[in-house]
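# Structural characterization, general
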There are 2 protein chains.
Amino acid sequence: MSDSSAHQVHRSDHPLRVSAGRVDLRAYPTDATPDFTGGKTEGKEALADLGSPLAELQERLFAQGRAGAPAPQRSILLVLQGMDTSGKGGTLRHTVGLMDPQGVRITSFKAPTEEEQAHDFLWRVRRALPECGYVGVFDRSHYEDVLIHRVRELAPAEEIERRYGAIVDFERELVDRGTVVVKCLLHISPEEQRERLLARLDKPSKHWKYNPGDVDERALWPAYREAYELAVERTHSDHAPWYVVPADRKWYRNLAVGRLLLEVLTRLDPQWPAADFDPESERRRLVAQGPVT
Amino acid sequence: MSDSSAHQVHRSDHPLRVSAGRVDLRAYPTDATPDFTGGKTEGKEALADLGSPLAELQERLFAQGRAGAPAPQRSILLVLQGMDTSGKGGTLRHTVGLMDPQGVRITSFKAPTEEEQAHDFLWRVRRALPECGYVGVFDRSHYEDVLIHRVRELAPAEEIERRYGAIVDFERELVDRGTVVVKCLLHISPEEQRERLLARLDKPSKHWKYNPGDVDERALWPAYREAYELAVERTHSDHAPWYVVPADRKWYRNLAVGRLLLEVLTRLDPQWPAADFDPESERRRLVAQGPVT
């Protein structure tokens, strides 16, 4: 059923899917393991088991993208957001790393450059969109422009307000063009963040991940939570829903994002493109060619 | 020894390294397994064993890149070239896939767009260079501009001639700036190519990889070989040497490229950057902060 559209791949009853309306993140667990009964060992095995079906579906998606116009022009955009230490990097390594890197395009959004600042906030995001057939992954994203920008007042209130609507329109446009948008909020508790920051201080090999500024941002936790709640509330939609992934347990976070990817790929159901040549006559042509050197 | 420079990471006695001077590719084996005595099973295990040391060194390189100016600004550029079916995609999946995708940037060069054609041939290549700390991988590269361009006469002879020198200068510039350039020619026999093309015709799930034009290119095998020989001869250098990787056996090809990557990373010897803060006082600050929510 290659007519399954990018709109229909999200299950409305997914256990991690955010509920429409007012969002209170304190009501979402950070250490639960919805839809999984095992522990860490089983979780890691379950993640490894996703590798093979993920690879097959991803290759079909990629093949479809290469085939060009006649096939549906599909791609996937995975958006990873979360507080510092919530595990965006770990998810890239362990979950995104399960896929064939040939078909994956990762973009890590940092503080915008001067050139980027001189454009609308979506300019750099549009330039980083995955081509058809690809799985694009955003490590941070256009959501920073309504998160840290709101908390740190890096833009006027009316502009932040405008951006919620602009994001909804933008994501609608992506989905209409065939991109499946999967938005994950990696949800950790402030206590877990503290442990992770302390762990980074303990090991010289982790010092490069530590930034004294993180402690200052951490002091603004309630303001960030509120900014996340607003962002999720205002941009959650049927075509681009938010998933809140309990992320205090790293293994569960990796597994949950992997399952989400597998689920949307399964529902997207990409097909091997039909040959635009006759395999039999190509075989004869090759054999008739004889040695070429 | 973090002063090891991007110049010194190539072993002059590496068994896959091309010899300076006239290159006759027919003298280079396509099915040998230099420096490896086991078979396929052992080869796959040996590749898997590279995962962990590769990951550690790659993370150090990445950490160094994040630390900015004081540390040496290092990156790696792996260039994959080879005839159709030589296994560029397989190398990406199996070998490049061993690394953390967060620190890898893959660029697949296709036929140039109109905009790219309106620029010098290196324009699009420069835009795809890895940032410091990253491992960039080129699936095809600027070498296409002296390979298919030569064989198919897509550029005048004087322009092709100019490009050899331009490539040498360009790669010298990269290495001087701290990028290790690793150029691999995935070397298959024409008989092996024929088998692989036939195998693609056998399976509907491989049809998307088959292009009838490949048979026409194949007919030009001797011209391509000559173009490769010239390209390698003219652009082989101590700072950016060519490696000819026997690629008839996929497992060996993957292992050989993986070992090369591990070798240059080991010789580059990236170090965890020193903290630019005092871990003890940061720990106190975090603990003193108390609960934040």
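Residues numbered from 1 in each chain as written. Chains lettered and ligands numbered in written order. Predicted model: local features only at pLDDT ≥ 70, side-chain atom pairs only at ≥ 80, totals over all residues. Heavy atoms only, no water.

## Considerations on the overall build of chain A
Stated precisely, the cut-off is as follows: Where helices and strands are cited, they refer to DSSP runs of H or I of at least four residues and of E of at least two residues respectively, numbered from the N terminus. Using C-alpha atoms as the atom set, the radius of gyration is obtained and then compared with a globule rule of 2.2 Å times the number of residues to the power 0.38. A simple rule labels every residue: compare its accessible area, found with a 1.4 Å probe on the protein chains alone, to the largest value its type can have, and call it buried under 20%, exposed over 50%, or partly exposed in between. In what follows, residue pairs with any heavy atoms lying within 4.5 Å of each other are defined as contacts. Using a 1.4 Å probe, the Shrake-Rupley method yields the accessible areas, and only the shown protein chains count as cover for residues.
A count of helices and strands for chain A gives 11 helices and 5 strands. Its C-alpha atoms give chain A a radius of gyration of 21 Å, near enough to 19 Å, the size a compact globule of 293 residues would have. Based on the C-alpha atoms only, the size of chain A along its principal axes is roughly 75 × 45 × 45 Å. Looking at chain A as a whole, 56% of its 293 residues are labelled buried. Excluding contacts between residues fewer than 6 apart, the proportion of contacts in chain A whose partners are at least 24 apart in sequence is 83%. For chain A, the exposed area adds up to about 12,500 Å²; of that, 49% sits on carbon and sulfur atoms.

## Re the relation of the copies chain A and chain B
As a reminder of what qualifies: All copies are superposed by least squares; the fitting set is the C-alpha atoms of residues with a pLDDT of at least 70 in both.
When chain A is brought onto chain B, the operation consists of a screw motion whose angular component is 180° and whose axial shift is 0.0 Å, with 0.0 Å RMSD remaining. What we have between these two chains is a two-fold relation. Interface overlap between copies: 100% of the residues of chain A at the interface are likewise at the interface in chain B, consistent with a symmetric, same-surface contact.

## Things to note about the interface of chain A and chain B
Interface size is commonly expressed as the accessible area that is lost once the parts come together. Put simply, the rule reads: We define buried area as the total accessible area lost by two parts upon association, computed with a 1.4 Å probe and summed across both. Here, a salt bridge means any side-chain nitrogen of Lys or Arg that lies within 4 Å of a carboxyl oxygen of Asp or Glu. Polar contact criterion, stated in full: a pair of N or O atoms within 3.5 Å, where within protein one must be able to donate a hydrogen and the other to accept it, and residues adjacent in sequence count only if both atoms are side-chain atoms. Ten residues, namely Ala, Val, Leu, Ile, Met, Phe, Trp, Tyr, Cys and Pro, are considered nonpolar, four, namely Asp, Glu, Lys and Arg, are considered charged, and the remaining ones, Gly among them, are considered polar.
Residue-level contacts link 52 residues of chain A with 52 residues of chain B. When chain A packs against chain B, the two sides together hide about 5,100 Å² of surface, and 58% of this comes from carbon and sulfur. Inspection of the region where chain A meets chain B yields 9 salt bridges. Linking arginine 93 of chain B and aspartate 100 of chain A is a salt bridge whose minimum nitrogen-to-oxygen distance equals 2.9 Å. Applying the counting rule to chain A against chain B returns 18 residue pairs in polar contact (both at pLDDT 80 or more). Listed by contribution, the elements that provide at least two residues to the side of chain A that touches chain B are α1 (40-67), α2 (88-94), β2 (104-108), α7 (190-202), α8 (212-219), α9 (221-235) and α11 (279-289) of chain A. When residues of the side of chain A that touches chain B are assigned to their parent elements, the largest contribution, 7 residues, is made by α11 of chain A. Tallied by class, residues from the side of chain A that touches chain B come to 27 nonpolar, 9 polar and 16 charged.

## Description of the packing of aromatic side chains
All names here are of chain A. The line we're drawing: Aromatic contacts are taken between Phe, Tyr and Trp rings whose centres are within 6.5 Å, Trp giving its six-membered ring; a plane angle under 30 degrees counts as stacked, one over 60 as edge-to-face, and the others as tilted. Think of it as a cone above the ring: NZ of Lys or CZ of Arg counts as a charge over the ring if it is within 6 Å of the ring centre and within 35 degrees of the ring normal.
The tally for this structure, following the rule as stated, stands at 14 aromatic pairs over all chains. Grouped by ring-pair contacts, the aromatic residues Phe36, Trp251 and Tyr252 constitute a single cluster. Lying across the ring of phenylalanine 121, arginine 163 places its NZ or CZ 5.1 Å from the centre.

## Some words on the pattern of salt bridges
Taken as a whole, this structure holds 57 salt bridges over all chains when the rule is applied. Across the pair lysine 183 of chain A and glutamate 171 of chain A runs a salt bridge whose closest N-O atoms are separated by 2.7 Å. Note that lysine 183 of chain A is positioned in strand β4 (residues 179-187) and glutamate 171 of chain A in helix α6 (residues 157-176), a separation of 12 residues in sequence. You can call lysine 183 of chain A buried: its relative accessible area is 0%. Its relative accessible area of 1% is what places glutamate 171 of chain A among the buried residues. Connected through shared salt-bridge partners, Glu59 and Asp100 of chain A together with Arg93 and Lys209 of chain B make up one network.

## A closer look at the sheet that holds strand β4 (residues 179-187) of chain B
Residue and element names in this part refer to chain B. Note the cut-off: At least two bridges found by DSSP between two strands is the condition for calling them paired. To obtain each axis, a line is fitted to C-alpha atoms, and for helices this fit is confined to the stretch in contact; angles are then taken between N-to-C directions over 0 to 180 degrees.
Strands sit in the order β2-β3-β1-β4-β5 across an open sheet of 5 strands; the sheet is parallel. The sheet terminates laterally at β2 (104-108) and β5 (242-246), the two strands that pair on one side only. Along the sheet, successive strands turn relative to each other by an average axial angle of 20°, direction set aside. The pairing of β2 with strand β3 (residues 135-139) spans 5 bridges and is parallel. Bridge pairing in β3 links valine 104 to valine 135. Against the sheet, helix α6 (residues 157-176) engages β1 (75-82) and β4, with an angle of about 130° to β4.

## A few points about the environment of leucine 98 of chain A
Residues and elements named next belong to chain A. Relative to the elements of secondary structure, leucine 98 occurs in the loop between α2 and β2. In this structure the C-alpha to C-alpha distance between leucine 98 and alanine 55, which are 43 residues apart in sequence, comes to 7.5 Å. Setting aside its immediate chain neighbours within four residues, leucine 98 contacts Leu47, Leu50, Gly51 and Leu54.

## Re the nonpolar core
The line we're drawing: Residues belong to one nonpolar core when they are buried, are Ala, Val, Leu, Ile, Met, Phe, Trp, Tyr or Cys, and are joined through side-chain atoms within 4.5 Å.
One finds Ile76, Leu78, Val137 and Cys184 of chain A to be the most contacted residues of the largest nonpolar core, which totals 77 residues. In contact with cysteine 184 of chain A, other than residues within four places in its own chain, are Leu78, Val79, Leu80, Gln81, Trp242, Tyr243, Val245, Val257 and Leu260 of chain A.

## Focus on the environment of aspartate 120 of chain B
If you trace the backbone, aspartate 120 of chain B turns up in the loop between α3 (114-117) and α4 (123-127). Considering only alpha carbons, one finds aspartate 120 of chain B and arginine 60 of chain B, 60 residues apart in sequence, at a separation of 35 Å.

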